[in-house]
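Examining the three-dimensional arrangement
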Amino acid sequence: MELYLDTADVGAVKRLARILPLQGVTTNPSIIASSRTSLWEVLPALHEALGGEGRLFAQTMANNAPQIVEEALRLNERVPGLVVKVPVTAEGLAAIKTLKSLAIPTLGTAVYGAAQGLLSVLAGADYVAPYVNRIDAQGGNGIATVAELQQLLERHAAQAKVLAASFKTPRQALDCLLAGCGAITLPPEIAQQFINAPAVQAAVVKFEQDWQAAFGTLQLE
């Protein structure tokens, strides 16, 4: 299973990369825009925050296939190994097919349905990103969509991975993993919630209190 952070916050990546088994960082235009920093500055900084390792994802902005391909080539040249995110529109599908022929890795993004996601993979995408919480917000069932997409990939495109995205709770992410997802990307605040359970901290405090009362120290003696 591959775990990514969905952010352009370099500080958060540095902090969490120290403790989490991260495979890399995903971004999108909204995330980059919120950072108020050029994409070409953010991506190297994120790579450095990962210790010079890990996979980065960045999205094209064009709306027609030739320009999407042109932007993808530019991203690939400037950031070797980067996975290019392409929205799964009609033009996006055409671009993914071309990029596959050029051996440029892609992720089909802005996916709101299992069939839409499957088409992106059949066109050549290496990853496909269903938007779990956004599907829920539109009255759908994000987890069910992920489960359907995962089943479709297992039957028809086992070489690709579902990279589930758009989470508001840790439970949504866990349910995606239970559905068999090969990858998830978490906002830093959701990733932090996995390791900041109040009951865990309370248990640690109780251990310390008991040990201190018995031995007068918090060291192993």
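My aim in this report is to walk through the structure given alongside it, one point at a time. (Residues numbered from 1 in each chain as written. Predicted model: local features only at pLDDT ≥ 70, side-chain atom pairs only at ≥ 80, totals over all residues. Heavy atoms only, no water.)

What the rule picks out here adds up to four aromatic pairs. Considering the side-chain rings of Y4 and F57, the 5.1 Å spacing of their centres and the 80° angle between planes classify their relative orientation as edge-to-face. Taken together, the residues span a long stretch of sequence, with Y4 in strand β1 (residues 2-6) and F57 in strand β3 (residues 55-59) at a distance of 53 residues. The exposure classification of Y4 matches that of F57, with both residues buried. Linked through ring pairs, Y4, F57 and Y127 together constitute an aromatic cluster. Its end group placed over the ring of W40, R78 keeps NZ or CZ at 4.1 Å from the ring centre. (Phe/Tyr/Trp six-rings, centres within 6.5 Å; stacked < 30°, edge-to-face > 60°. Helix = DSSP H or I, 4+ residues; strand = E, 2+ residues; numbered from the N terminus. Buried < 20%, exposed > 50% of the residue type's maximum accessible area, 1.4 Å probe, protein only. Lys NZ or Arg CZ within 6 Å of the ring centre and 35° of its normal.)

What follows covers the pairing of strand β4 (residues 83-87). Within β4, four of the five residues are buried, leaving the element largely enclosed by the surrounding structure. Two strands pair when backbone bridges link them, and β3 and β4 are joined in this way by three bridges, in the parallel orientation. Directly across from F57, in β4, lies its bridge partner V83. Following the chain from β3 across helix α4 (residues 65-78) to the adjacent parallel β4, one finds a crossover that is right-handed. At this point the chain moves from β4, through helix α5 (residues 90-101), to the parallel strand β5 (residues 106-111), and the crossover so formed is right-handed. (Pairing = 2+ DSSP bridges. Right-handed = clockwise from strand over helix to strand, strands pointing away.)

Taken together, the buried positions of helix α3 (residues 39-49) are occupied by L39, V42, L43, L46 and A49. Taken down its axis, α3 places every buried residue within 125° of arc, on the same side. Turned more than 90 degrees off the buried face of α3, the exposed positions are E41 and E48. Next to the buried residues of α3 lie α1 (10-17), β2 (24-26), α2 (29-35), β3 and α4. With a side-chain oxygen lying 3.1 Å from the backbone nitrogen of W40, the N-terminal cap of α3 falls on S38. (Arc of directions from axis to C-beta. Contact = heavy atoms within 4.5 Å. Polar contact = N/O pair within 3.5 Å; in protein donor to acceptor, adjacent residues only side chain to side chain.)

Below, the discussion takes up unusual backbone geometry. A positive phi angle is found at R36, which is not glycine, with a value near 60°. Counting through the fold element by element, R36 comes out in the loop between α2 and α3. In the Ramachandran plot, A103 falls in the positive-phi region, its phi being about 65° despite a non-glycine side chain. You can see A103 is positioned in the loop between α5 and β5.

Reading around the barrel, the eight strands line up as β1-β2-β3-β4-β5-β6-β7-β8 and close back on themselves, with parallel pairing between neighbours. Within this sheet the neighbouring strands show an average axis-to-axis angle of 25°, counted without direction. Against the sheet, α5 contacts β4 and β5, and its axis sits at roughly 155° relative to β4. Its contacts with the sheet place helix α8 (residues 142-156) against β6 (127-130) and β7 (161-164), and it is angled at close to 165° to β7. (Axes fitted to C-alpha atoms, helices over the stretch in contact; angles between N-to-C directions.)

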